[in-house]
Amino acid sequence: MFNDPFTWKPLEVTASAYNSLAYQTNSNPHITAFGDSLKPGLKYIAVSRDLQALGLDYNTPVKIEGLEGIYLVKDRMHSRWKNKIDIYMGTDVKAAKHWGRRKVTIHYGVMNKEETTINTNE
């Protein structure tokens, strides 16, 4: 039986989409605020800084209502944004525009305490 190491916390956020294109990000659109390289096809999101303070920090796993799979927090947004995520959609501008901006429920993973405890009796 699979023992999920995470407790999944629900949160309603505004979700938009972005692409790794200079006019949407900066002069180096393939590098995140955390220094990771973006590659089309990867399931990454950027989060507003208030969400970072709630626990959606670097590499936090996130499930997004309406999308398949688990996304990882790999980027952070400008401080002007609140309660918002940005879903990375590679260079597919059409897909990003189709997604638009919408309210969604996400579930983010918080490591279970017993999973992070080191057993010193082994």
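For the structure itself, consult the block above.
Visitor: Break down the sheet that holds strand β6 (residues 102-111) for me, citing the residues and quoting the values.
Guide: Spatially, six strands are ordered β1-β5-β2-β4-β3-β6 in a closed barrel, and the strand pairing comes out mixed. Each neighbouring strand pair of the sheet contributes to a mean axis angle of 45 degrees, computed without reference to strand direction.

Visitor: I'd like to hear about the pattern of salt bridges, residue by residue, with values.
Guide: Within this structure, the stated rule accounts for one salt bridge. Across the salt bridge formed by Asp 36 and Lys 74, the nearest N and O atoms sit 3.6 Å from each other. Taken as a pair, Asp 36 in the loop between β1 (6-18) and β2 (44-47) and Lys 74 in strand β4 (residues 70-76) lie far apart in primary sequence, 38 residues in all. Summarising the burial analysis for this pair, Asp 36 and Lys 74 share the class buried.

Visitor: I'd like a description of the nonpolar core, backed by residues and values.
Guide: Counting 20 residues, the largest nonpolar core has Ile 45, Leu 56, Val 62, Ile 64, Ile 85, Ile 87 and Ile 106 as its most contacted members. Of all the elements in the fold, those that place two or more residues in this core are β1, β2, β3 (61-64), β4, β5 (84-88), α2 (93-99) and β6. Top contributing element to this core by residue count: β1, with four residues. With near-sequence residues (within four places) excluded, Leu 56 lies in contact with Leu 11, Val 47, Leu 51, Val 62, Val 73, Ile 106 and Tyr 108.

Visitor: Quick one: what's the story with the side chain of Gln 52, residue by residue and with numbers?
Guide: You can see Gln 52 is positioned in helix α1 (residues 49-54). Since its relative accessible area comes to 17%, Gln 52 is described here as buried. A distance of 2.9 Å separates the side chain of Gln 52 from the side chain of Asp 57, its partner in a polar contact. Residue contacts for Gln 52: discarding those within four places in its chain leaves Phe 34, Val 47, Asp 57 and Arg 76.

Visitor: Which residues make up the side chain of Thr 60, and what values go with them?
Guide: Inspection of the secondary structure assignment puts Thr 60 in the loop between α1 and β3. Relative accessible area serves as the criterion here: at 8%, Thr 60 is assigned to the buried category. Separated by 2.7 Å, the side chain of Thr 60 and the backbone oxygen of Asp 57 make a polar contact.

Visitor: Got a sec to walk through the pairing of β1? Specific residues and values, please.
Guide: Direction of pairing for β1 relative to β6: antiparallel, over a ladder of ten bridges. Pairing of Pro 10 across the sheet is with His 107, part of β6. One ladder, built from five bridges, connects β1 with β5; its direction is parallel. From the neighbouring strand, Ala 17 faces β5, where its bridge partner is Ile 87.

About the cut-offs
Residues numbered from 1 in each chain as written. Predicted model: local features only at pLDDT ≥ 70, side-chain atom pairs only at ≥ 80, totals over all residues. Heavy atoms only, no water. Pairing = 2+ DSSP bridges. Helix = DSSP H or I, 4+ residues; strand = E, 2+ residues; numbered from the N terminus. Axes fitted to C-alpha atoms, helices over the stretch in contact; angles between N-to-C directions. Salt bridge = Lys/Arg side-chain N within 4 Å of Asp/Glu carboxyl O. Buried < 20%, exposed > 50% of the residue type's maximum accessible area, 1.4 Å probe, protein only. Core = buried A, V, L, I, M, F, W, Y, C linked by side-chain atoms within 4.5 Å. Contact = heavy atoms within 4.5 Å. Polar contact = N/O pair within 3.5 Å; in protein donor to acceptor, adjacent residues only side chain to side chain.

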